[in-house]
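Overview (structure and organization)
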Amino acid sequence: MNDNFNKESKENLNTIEANKAKMWQIALFSLNNTSTNLFLAMMGYVSYYANGIAGLGVVLISFILTGMRVFDGVTDPFIGYFIDKTNGKYGKFRPYIVLGYVLMAISSLVLFFTTDLVANVLKPIYFIVVYSVYIIGYTFQTAVVKSGQSVITNDPAQRPFITFFDSTFIMLAHGLVAFYVSVYLIGKYESFTNKDLYIEFVITVVIVAGICSLLAVIGIWEKDNIKYFRLESKEERPKIHFKEYFNILKHNKPIRMLVIAAASNKFAQMVYGNATVLVMFYGILMQNYALAGIIGIIIGFPNLAIIYLGINYAKKNGQKKALILSTYLAIFFQLILMFMMLFTDLTKVSLSHINLITILFLLVFMLLNGVKSISNNIVVPMIADCTDYEYCISGYFVPGIMGALFSFVDKTFSALATAFVGLCLSVIGFGKVFPQVEDALTPQLKYMTVFFYCVIPIIGWCVTLFIMRFYKLDKKTMQGLYRDRA
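Quantities reported herein were computed from a predicted structural model and do not represent experimental measurements.

The final tally for this structure, using the stated rule, is 33 aromatic pairs. Here Y180 and Y184 contribute two aromatic rings whose centre-to-centre distance is 5.4 Å and whose plane-to-plane angle is 15°, an arrangement assigned as stacked. One end of the pair is Y180 and the other is Y184, both in helix α8 (residues 159-189) and 4 residues apart, which spans about a single turn. Pairwise contacts between aromatic rings join Y45, Y48, Y180, Y184, F192, F201, Y289 and F434 into one cluster. Across the ring face of W221, the terminal group of R94 is positioned such that the distance to the ring centre comes to 4.3 Å. Against the face of Y272 rests K372, its NZ or CZ located 3.9 Å from the ring centre.

Next comes the structure, spelled out in structure tokens:
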């Protein structure tokens, strides 16, 4: 913890008024994150469009997408700065939700409808330009995801529910997208080399994400006003300039530790969740790509129960302990799944002929995905803890930049995941074309799938556990930051 917090008396620190939310406000605001994840899930397949329809090479598109995600991270500090400077009649956060959605919707439609029609020599540049507009819109909405929660609630007992709703909605979003693609779209269009698949895909996502964004605006409407921006004595507050953000990052140790831990988690998540890796896992290793969508529906409700138990644990013991426990459990269940991938025949997993291997696989997969949902999403409300901590020690209320600093490191590191997958695939002979669901399983594909889906996540989670030893904002510390807490 920052030394100032240990040495200064409570009277010399800023304290924070209690601010609770109605549960429906937290739930609806979480749909902003759902909107961004719907676009993210769709863009997980953009490499197949760029390769199979537009004709860009595997390594080229992998590096382009990596560069775009780095660009995504670079834009975060600027967007966060503008969020902190915004205090207009339309609020601090709502304008960025709306503008972000509009930019993502338009750029996605243009990207999937027109890139393959452009002359080959111009395709890479055209793709980069259009995708850059998408990235800016994505940054607008994700910046609000990580900063808007600071005004929704600061109740330590309520903040874990941000994780509950985020985890639930994100699980549904990615699960339904996987089902939609693997069962409906592939069933209808047969292959990722059919442009009509992407046209229907993008239209569907634009409509559903639009509804989610609208509901998110409604959820934050009441709290998105100057009353909750801690500006009651504005003339007494220090004026913050862009250069001060580097000082904030320097003296706020909790946010530094959190971004490192989250970055290792996100890199692993972007690897094992990569669309190509899922094709390798379900389509080639298990020879049942439709299972990628169906399994999400099957384990959905049990996962909700696991997430709910995790949130109750976080309410009683704090978010830090919940992150650590869920990470340990994720490593344990991932090791079991790795053993099954290496030494059992997962092609025998069948929902029409239930057998022992099917029961074991579903049980392990359910438990693994439940704890992963907690560890992946609980870091988001922990950013709000770091924001409150910063306000207490310096007087700066900067939810935008705190979320932006988090996103910058998070996205920059996770950007490496796309290039990492592309480079590893090129090593085993997939330098021009991505693995397809109809490809035969070879030893190289099997071990690379295990490496992507199991080894990388375990390494990432071990890094998280190590870093959390230096993150000091536990439940007791957070309770000491607030006044008027019943």
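Residue pairs three or four apart in sequence face the same way in an α-helix, which turns once every 3.6 residues. Between its first and last C-alpha, helix α17 (residues 379-394) extends 23 Å over 16 residues, near the 22 Å set by a 1.5 Å rise per residue. When you tally the buried positions in α17, you get 15 out of 16 residues, the bulk of the element. Among the residues trailing α17, G395 stands out with phi positive, at a value near 85°.

Within the structure shown, the criterion is met by 6 salt bridges. In this structure, D224 and R94 form a salt bridge, with 3.0 Å as the shortest nitrogen-oxygen distance. Here R94 lies in helix α5 (residues 94-114) and D224 lies in the loop between α9 (195-220) and α10 (244-251), a separation of 130 residues in the sequence. By relative accessible area, which is 0% here, D224 ends up buried. A relative accessible area of 9% means that R94 is categorised as buried. One network of salt bridges, with partners in common, ties together R159, D385 and D388.

Turning our eyes to something else, we now look at the confidence of the model for the protein. Residues at a pLDDT of 70 or more form 91% of the protein, whose mean pLDDT is 86. Note on residues 1-12: pLDDT under 50 across the span, and 18 contacts to partners over four residues away in sequence or across chains. Low pLDDT, under 50, characterises residues 232-236; the stretch is placed with 1 contact to residues that sit more than four places away or in other chains.

A word on a nonpolar patch on the surface. Taken together, the side chains of V74, F78, F82 and F408 make up a nonpolar region of the molecular surface, amounting to roughly 360 Å² of accessible area. Among the elements that line the nonpolar patch, the one with the most residues is helix α4 (residues 58-85), at 3 residues. Its location among the elements puts F408 in helix α18 (residues 399-427).

Criteria and cut-off values
- Residues numbered from 1 in each chain as written.
- Predicted model: local features only at pLDDT ≥ 70, side-chain atom pairs only at ≥ 80, totals over all residues.
- Heavy atoms only, no water.
- Phe/Tyr/Trp six-rings, centres within 6.5 Å; stacked < 30°, edge-to-face > 60°.
- Helix = DSSP H or I, 4+ residues; strand = E, 2+ residues; numbered from the N terminus.
- Lys NZ or Arg CZ within 6 Å of the ring centre and 35° of its normal.
- Expected span 1.5 Å × (residues − 1).
- Buried < 20%, exposed > 50% of the residue type's maximum accessible area, 1.4 Å probe, protein only.
- Salt bridge = Lys/Arg side-chain N within 4 Å of Asp/Glu carboxyl O.
- pLDDT = per-residue confidence, 0-100.
- Contact = heavy atoms within 4.5 Å.
- Patch = residues over 30% accessible without salt bridge, like charges linked within 9 Å, V, L, I, M, F, W, Y side chains within 5 Å.
- Areas by Shrake-Rupley, 256 points an atom, 1.4 Å probe, with all protein chains shown as cover.

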